[in-house]
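Listed below, chain by chain, are the residues.
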Amino acid sequence: TAAICLEQMKKLEGHLERRRHVQAMYNACLQEYIQPPVWSNTVQNYSARVPSEHRDLLIDYLADKKINTSVHYKPLHKHGVVSGMNQRDYPVANEEWLKLITLPCHPAMTDEDIDYVIYWIKEYFDHEMKHTYVTNDYIMHHGSVVEKRV
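All of these numbers come straight from a predicted model, not from anything done at the bench. (Residues numbered from 1 in each chain as written. Predicted model: local features only at pLDDT ≥ 70, side-chain atom pairs only at ≥ 80, totals over all residues. Heavy atoms only, no water.)

K.L.:
Sorry if this is basic, but what is going on with the pairing of strand β2 (residues 100-103) here?
P.N.:
Each regular strand shows side chains that alternate between the opposite faces of the sheet. Alternating positions in β2 separate into two faces, Leu100 and Thr102 on one and Ile101 and Leu103 on the other, with burial throughout. Bridge analysis of strand β1 (residues 46-49) against β2 gives four bridges, and the strand direction is antiparallel. Pairing of Ala48 across the sheet is with Ile101, part of β2. (Buried < 20%, exposed > 50% of the residue type's maximum accessible area, 1.4 Å probe, protein only. Helix = DSSP H or I, 4+ residues; strand = E, 2+ residues; numbered from the N terminus. Pairing = 2+ DSSP bridges.)

In structure tokens, the structure reads:
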């Protein structure tokens, strides 16, 4: 296993450069659509912020386009194993994690892959978002209730 690790270390700088390139492209092309994460030299994840009422809709929209996203950094008090241990409220964590979306960012991404992700995020915010109506009680998308907010 040490031999495998040493071989992988030879690729590290190239992998990091590629991740930084993905990060730079997202930052440059999506600055009007998302709040980018703080610049990272390692870019372990690219976890951006979007309006919370659009996060899950955007995840579903991108999934329909075969773009894998995820949600990292769920607050610890929301995990089942610890949820009953602490009854304290964490309003900032509860609000902020609903805005987070992790976009694909890995060394195997081609420029075409990056452009594809950027294109569909822009399409969502330029077109699909206009079909979303948010009230204190619910979120509607294309005329259907997608989330009750009670």
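K.L.:
I'm lost on the packing of aromatic side chains in this one. Help?
P.N.:
Tallied over the full model, the rule gives seven aromatic pairs. Ring centres of Tyr26 and Tyr46 lie 5.0 Å apart, and the angle between their planes is 65°; on these two criteria the pair is classed as edge-to-face. One end of the pair, Tyr26, is in helix α1 (residues 2-30); the other, Tyr46, is in strand β1, with 20 residues separating them in the sequence. Residue Tyr26 shares its accessibility class with Tyr46, and that shared class is buried. On the numbers, 5.0 Å between centres and 85° between planes, the contact of Tyr124 with Phe125 is edge-to-face. The two residues Tyr124 and Phe125 agree in class, both being buried. Connected via pairs of aromatic rings, a cluster forms that spans Tyr33, Tyr61, Tyr116, Tyr119, Trp120, Tyr124 and Phe125. (Phe/Tyr/Trp six-rings, centres within 6.5 Å; stacked < 30°, edge-to-face > 60°.)

K.L.:
Before we go on, may I ask you to explain the pattern of salt bridges in this structure?
P.N.:
Applying the stated rule across the entire model yields eight salt bridges. A salt bridge links Arg55 to Asp56; the nearest nitrogen and oxygen atoms lie 2.8 Å apart. Given a relative accessible area of 5%, Arg55 falls into the buried group. In this structure Asp56 comes out as partly exposed when scored by relative accessible area, which is 40%. In this structure, Lys99 and Glu95 form a salt bridge, with 3.7 Å as the shortest nitrogen-oxygen distance. A relative accessible area of 47% means that Glu95 is categorised as partly exposed. (Salt bridge = Lys/Arg side-chain N within 4 Å of Asp/Glu carboxyl O.)

K.L.:
Teacher, can you tell me more about the packing of α1 against helix α5 (residues 111-126) here?
P.N.:
Two measures define how a pair of helices packs: the angle their axes make with one another and the distance between the axes. The contact between α1 and α5 brings their axes to 10 Å, and the two run at 30°. The angle between α1 and α5 places the two elements in the roughly parallel class. When the axes of α1 and α5 are compared, the crossing they make is right-handed. Judged by residue contacts, Arg18, His21, Val22, Met25, Tyr26, Cys29 and Leu30 of α1 engage Asp111, Ile114, Asp115, Val117, Ile118, Ile121 and Lys122 from α5. Partitioned by chemical class, the residues of the contact of α1 with α5 number nine nonpolar, one polar and four charged. (Axes fitted to C-alpha atoms, helices over the stretch in contact; angles between N-to-C directions. Parallel < 35°, antiparallel > 145°, perpendicular 65-115°, else oblique. Left-handed = near helix turned anticlockwise from the far one by under 90°. Contact = heavy atoms within 4.5 Å. Nonpolar A, V, L, I, M, F, W, Y, C, P; charged D, E, K, R; others polar.)

K.L.:
Honestly, α1 in this entry has me stumped. Any pointers?
P.N.:
In an α-helix, one full turn covers 3.6 residues, which means residues spaced three or four apart are oriented alike. For α1, spanning 29 residues, the distance from its first C-alpha to its last is 40 Å, which sits close to the expected 42 Å at 1.5 Å a residue. Along α1, the sharpest change in direction is near 40° and occurs at Lys11. Along α1, the positions that sit buried rather than exposed are Leu16, Arg19, Arg20, Val22, Gln23, Tyr26, Asn27 and Leu30. As for α1, its buried residues are in contact with β1, β2 and α5. (Expected span 1.5 Å × (residues − 1). Bend = angle between axes of the 7 residues up to and from the residue.)

K.L.:
Can you help me understand the environment of Ala48 in this one?
P.N.:
With respect to the element layout, Ala48 can be found in strand β1. Here the alpha-carbon distance between Ala48 and Gln35, two residues 13 residues apart in the chain, equals 5.6 Å. Leaving out residues up to four positions away in the same chain, Ala48 has contacts with Ile34, Gln35, Pro36, Pro37, Lys99, Leu100 and Ile101.

These results come straight from atomic positions and should not be treated as a statement about function.
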